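Next come the chains, spelled out residue by residue.
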Amino acid sequence: METLIPIINRLQEVFLTVGADIVQLPQIVVVGSQSSGKSSVLESLVGRDVLPRGSGVVTRRPLVLQLINVAPQQERKQMENGIKADEWGTFLHCKNQVFTDFMDIRKEIEAETERSSGDNKGITAEPIYLKIFSPKVLNLTLVDLPGITKVPVGDQPEDIEAQVQEMIVSFISNPNSLILAVSPANSDLATCDALKLARDVDPDGRRTLLVVSKLDLMDAGTDALEVLLGRVIPVRLGIIGVVNRSQHDINTQKSLEDSSRDEQAFLQRHYPSLASRCGSRYLAKTLSRLLMHHIRDCLPDLKTRVTVLSAQYQARLSSYGQPVEDHSATLLQIVTKFASDYCNTIEGTARHIQTSELCGGARICYIFHETFGRTLQSIDPLGGLTELDILTAIRNATGPRPALFVPEVSFELLVKRQMKRLEEPSLRCVELVHEELQRIVQHCSSYSTQELLRFPKLHDSIVEVVTGLLRKRLPITNEMVHNLIAIELAYINTKHPDFTDAAQVSASVNSQQVGIPPFPQAEAVDAGKRWKTEKEERASAGSSFGSPSKSGQAINLLDTAAPASRKLSSREQRDCEVIQRLIKCYFLIVRKSIQDSVPKTVMHFLVNFVKERLQSELVGQLYKQPLLQDLLIESQDTAQQRTEVAHMLQALQKANNIISEIRETHLW
């Protein structure tokens, strides 16, 4: 089981090489207020003076500290190329450089901190990675974080407290991390900020261990026994008390071995019942044991996570494709696939079918039968025609002679006027289908042909060719639709099988004239009424325009508007109704024909033509030797993403191999 921590360290190295944090690895995060003794606790675990120390803000960057147990130097001398030192350290940012002097390690930490955070108390979230190899340490991975502070000093921003807390939470919110909360014994545990942050992300306390530091600095007559026994605030993983080196001890360079002996003596003297469960040595063993058990619990989920990520990155790498070698074959393949996907989208057989909205052939069908069909159905056959318009047309068609029958010319004149109203929705139907064919290009680019995203110039050229082909066919289709309406207007077929005979319509209207006297008497009555009406109109016209003798101007009765509310005679009503019925009947016949023929025209002249000619058009305009190199230039983003994904996939595969080395027996 002791091999688990080195395995996690190897995994951490693998993922650090690609600069990614997609897998959260188990580690111990040290959290505490400023000057609570965090760095002293870490140094006691290392057994050497390795961290910058002092008053105020010292730790200003996260420090990821990996402690690795190695064999003593005598045993390692038998191995070739072994490092000739008992203990040494390495930094990730100093590749291939080994530090055997721990003073140099401390100076390098200070220099690296100032390089990133400045030299006036500023902080940053960028970690420093340090490995310590020693036969005196236990395998551990710890993270030392800046202390929780309240008031900004030096170059620190006004929101320093929020920044530090956000940094700490980003580390301890990792469910695979253990939280080592450090609180000084001479402060009230109920006001411990570290414990509060730990409770926020770990309410059950399954990942939190409390360290009570500075036991020797408590006021006389007080002790931390109640706190260490967990009677003040219980902590599930336990509470361990330690005695730190004072600043005087550091200044006089008191060794950690002497400090450890003094610590044990202090614990035996003041806390004899707890001496075996307190102190830096016990803390190191406890942390190592907890970390190993925690890694064992996290390992199944970690393995699953790495496997899933490997599959996802493999799929992403496949989607980016391989670097182009044969330009001609690649261009032909992409163009052919695009043309095939375009036609399949129209036919409804594409692999990528949208579920959020209609697309391709389904939308064209909707345009034909729903949008266009409903628009035609909503057109009133008699819309815009008043009875006065019909009477005027009848009179104009008869000329100077009064008509005995309804003139056919008036019917043709009025029905053509109504039929012309079908042209605008028909042309709008063509426009909607043209827009949908244009949208299919974007659909195929986004969903069906991933290769197009690799080559922006080729994508733009394909869009340009398809747009040009559609633009070329649009006026031809519009002309044909216009001709369909012109054909209907050219000849009014009153002998159409579905058209009602005019004589039957007239007879039907006459039969509905119930209670009307015979024709001569009705005409006499109508004539008398008409004579009286015209007489009244003349009188009113004369009163409104004045007499000729008074004004000296002639009266022009022809310019007088006919009263709109004039009551029609029975014959006028009959003539109007006959014309209305005939117009409605013939309009419905033409509308039915247009509703059927316009979609067929659009399909033949626009949709099917584009489907059949698309591939040959693309090949003819793009498959040219001078254009091949230019069209198949990859975008910088795609090339960079392919490289990043390839490196990440390689790291995941290494991680998978490392995890696979663990046997079931290693977990117990």
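Residues numbered from 1 in each chain as written. Predicted model: local features only at pLDDT ≥ 70, side-chain atom pairs only at ≥ 80, totals over all residues. Heavy atoms only, no water.

Undergrad: Would you explain the overall build of the protein chain in this entry?
TA: Regarding its fold elements, the protein chain presents 23 helices and nine strands. Considering the protein chain as a whole, with its 668 residues, one finds that 44% of them fall into the buried category. In the protein chain, of all internal contacts separated by at least 6 residues, the share reaching a separation of at least 24 is 82%. In the structure as shown, the protein chain presents an accessible area of about 35,600 Å², 51% of it carried by carbon and sulfur atoms. (Helix = DSSP H or I, 4+ residues; strand = E, 2+ residues; numbered from the N terminus. Buried < 20%, exposed > 50% of the residue type's maximum accessible area, 1.4 Å probe, protein only. Contact = heavy atoms within 4.5 Å. Areas by Shrake-Rupley, 256 points an atom, 1.4 Å probe, with all protein chains shown as cover.)

Undergrad: Is there a simple way to explain the pattern of salt bridges in this structure?
TA: Where charged atoms of side chains with opposite charge meet at close range, the side chains can pair. Evaluation of the coordinates by the stated rule reveals 16 salt bridges. Arg-61 is the salt-bridge partner of Glu-126, the closest N and O atoms lying 3.9 Å from each other. Pair noted here: Glu-126 is in the loop between helix H4 (102-117) and strand S5 (128-134) and Arg-61 is in the loop between helix H2 (38-46) and strand S2 (63-69), with a separation of 65 residues, a long-range link. Look at Arg-61 and you get buried, because its relative accessible area is 3%. One salt bridge in this structure joins Glu-436 and Arg-363, with 3.2 Å as the shortest N-O distance. Placement of the pair is Glu-436 in helix H15 (residues 423-448) and Arg-363 in helix H12 (residues 361-377), with a sequence separation of 73 residues. Of the residues examined, Arg-363 reaches a relative accessible area of 31% and is grouped as partly exposed. (Salt bridge = Lys/Arg side-chain N within 4 Å of Asp/Glu carboxyl O.)

Undergrad: Which parts of the structure should I look at to understand the sheet that holds strand S1 (residues 27-32)?
TA: Remark on secondary structure: sheet strands pair via backbone hydrogen bonds, oriented parallel or antiparallel. Strand order across the open sheet formed by nine strands is S4-S3-S5-S2-S6-S1-S7-S8-S9, with mixed pairing between neighbours. At either margin of the open sheet sits one strand with a lone partner, and together these are strand S4 (98-99) and strand S9 (239-241). Bridge count between strand S3 (residues 88-91) and S4: two bridges; the pairing is antiparallel. Paired with Thr-90 across the bridge in S4 is Val-98. Here helix H6 (residues 193-201) sits on the sheet and contacts S1, strand S7 (177-184) and strand S8 (208-213); the angle it forms with S7, its principal contact strand, is near 155°. (Pairing = 2+ DSSP bridges. Axes fitted to C-alpha atoms, helices over the stretch in contact; angles between N-to-C directions.)

Undergrad: How should the packing of H2 against helix H10 (residues 280-320) be read in this particular structure?
TA: When two helices pack together, you describe them by how their axes are tilted relative to each other and by the distance separating the axes. It is at 9 Å that the axes of H2 and H10 come closest, and there the two elements cross at 80°. Classed by the angle they form, the pair H2 and H10 counts as roughly perpendicular. Taken together, the residues of H10 that come into contact with H2 (itself represented by Val-41, Ser-44 and Leu-45) are Ser-280, Leu-283, Ala-284 and Leu-287. Of the residues in the contact of H2 with H10, the class split is five nonpolar, two polar and no charged. (Parallel < 35°, antiparallel > 145°, perpendicular 65-115°, else oblique. Nonpolar A, V, L, I, M, F, W, Y, C, P; charged D, E, K, R; others polar.)

Undergrad: Sorry if this is basic, but what is going on with the environment of Glu-617 here?
TA: By the secondary structure assignment, Glu-617 is in helix H21 (residues 570-622). Measuring from C-alpha to C-alpha, the distance between Glu-617 and Leu-469 comes to 8.1 Å, with 148 residues separating the pair along the chain.

Undergrad: Looking at this structure, I do not really get the nonpolar core. What am I missing?
TA: Here is a general trend for soluble globular proteins: nonpolar side chains tend to be buried in one another's company. The biggest cluster of nonpolar side chains holds 69 residues, and the ones touching the most others in it are Tyr-342, Leu-437 and Leu-458. Mapped onto this core, the elements with two or more residues apiece are helix H11 (327-347), H12, helix H13 (387-398), helix H14 (408-419), H15, helix H17 (456-490), H21 and helix H22 (625-631). Ranked by residues supplied to this core, first place goes to H21 with 20 residues. Those residues within four positions of Leu-437 in sequence are excluded, and the remaining contacts are Tyr-342, Ile-346, Ile-364, Leu-470, Leu-606 and Val-607. (Core = buried A, V, L, I, M, F, W, Y, C linked by side-chain atoms within 4.5 Å.)

All quantities given are derived from atomic positions and should not be read as evidence of function.
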